[in-house]
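Listed below are the residues making up each chain.
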Amino acid sequence: MFRRLPEIEEAAVAITIDGRPAQARAGDSVAAALLAAGVEVCRTTPVSGAPRAPYCMMGVCFECLVTIDGVGNRQGCLVRVRDGMAVETQKGGREPGR
């Protein structure tokens, strides 16, 4: 579904996605890094559990919510990856106080 243009070369950034090591390109958004790593679902809805994935990639739709370095409900399309970042997909609603 999502693939990178092969002719673009940029520095690699080491991140983890749900505890697994992954590589991203410097300057990528978290949402783009998830898609490039083959993660197609970044959250599920709190009521029905329906899968959601990045959609607009510009901060309008809120479908790309993830937990970044322990802070939940972050819009992955608006946050740039950085070395050592821990990204977790969200299952349902986040617990209050976390």
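Residues numbered from 1 in each chain as written. Predicted model: local features only at pLDDT ≥ 70, side-chain atom pairs only at ≥ 80, totals over all residues. Heavy atoms only, no water.

Participant: It is not clear to me how the environment of arginine 80 should be interpreted in this structure. Could you clarify?
Facilitator: When you line up the elements, arginine 80 lands in the loop between strand S6 (71-75) and strand S7 (86-89). We classify arginine 80 as exposed; its relative accessible area is 52%. If near-sequence neighbours (up to four positions away) are discounted, arginine 80 is found in contact with Gly27, Asp28, Ser29 and Met85. A polar side-chain atom of arginine 80 sits 3.3 Å from the main-chain carbonyl oxygen of glycine 27. (Helix = DSSP H or I, 4+ residues; strand = E, 2+ residues; numbered from the N terminus. Buried < 20%, exposed > 50% of the residue type's maximum accessible area, 1.4 Å probe, protein only. Contact = heavy atoms within 4.5 Å. Polar contact = N/O pair within 3.5 Å; in protein donor to acceptor, adjacent residues only side chain to side chain.)

Participant: How should the pairing of strand S1 (residues 12-17) be read in this particular structure?
Facilitator: Both faces of the sheet carry side chains from a regular strand, because those side chains alternate between them. The two faces of S1 differ: Val13, Ile15 and Ile17 on one face are buried, but Ala12, Ala14 and Thr16 on the other face are not. Across six bridges, S1 lies against strand S2 (residues 20-25) in antiparallel orientation. From the neighbouring strand, isoleucine 15 faces S2, where its bridge partner is alanine 22. Here S1 pairs with S7 via two bridges, running parallel. Across the sheet, isoleucine 17 pairs through a bridge with valine 87, a residue of S7. (Pairing = 2+ DSSP bridges.)

Participant: What is the right way to read the nonpolar core from this model?
Facilitator: A general feature of soluble globular proteins is that nonpolar side chains tend to end up buried together. Ranked by size, the top nonpolar core spans 19 residues in total, and within it Ile15, Val30, Leu34, Val66, Val81 and Met85 carry the most contacts. Taken together, the elements giving at least two residues each to this core come down to S1, S2, helix H1 (30-36) and strand S5 (65-68). If one sorts the elements of this core by residue count, H1 sits on top with four residues. Once residues lying within four places of it in the same chain are set aside, the contact partners of valine 81 are Val13, Ile15, Ala24, Arg25, Asp28, Ser29, Val30 and Ala33. (Core = buried A, V, L, I, M, F, W, Y, C linked by side-chain atoms within 4.5 Å.)

Participant: Which parts of the structure should I look at to understand the pairing of S5?
Facilitator: On S5, burial covers both faces: Leu65 and Thr67 on one face and Val66 and Ile68 on the other are all buried. One ladder, built from three bridges, connects S5 with S6; its direction is antiparallel. Looking across to S6, one finds that isoleucine 68 is bridged to valine 71. Counting the residues between successive antiparallel strands, the hairpin from S5 to S6 contains two residues, one of them, aspartate 69, with a positive phi of roughly 50°. Both S5 and S7 contribute to a ladder of three bridges, which runs antiparallel.

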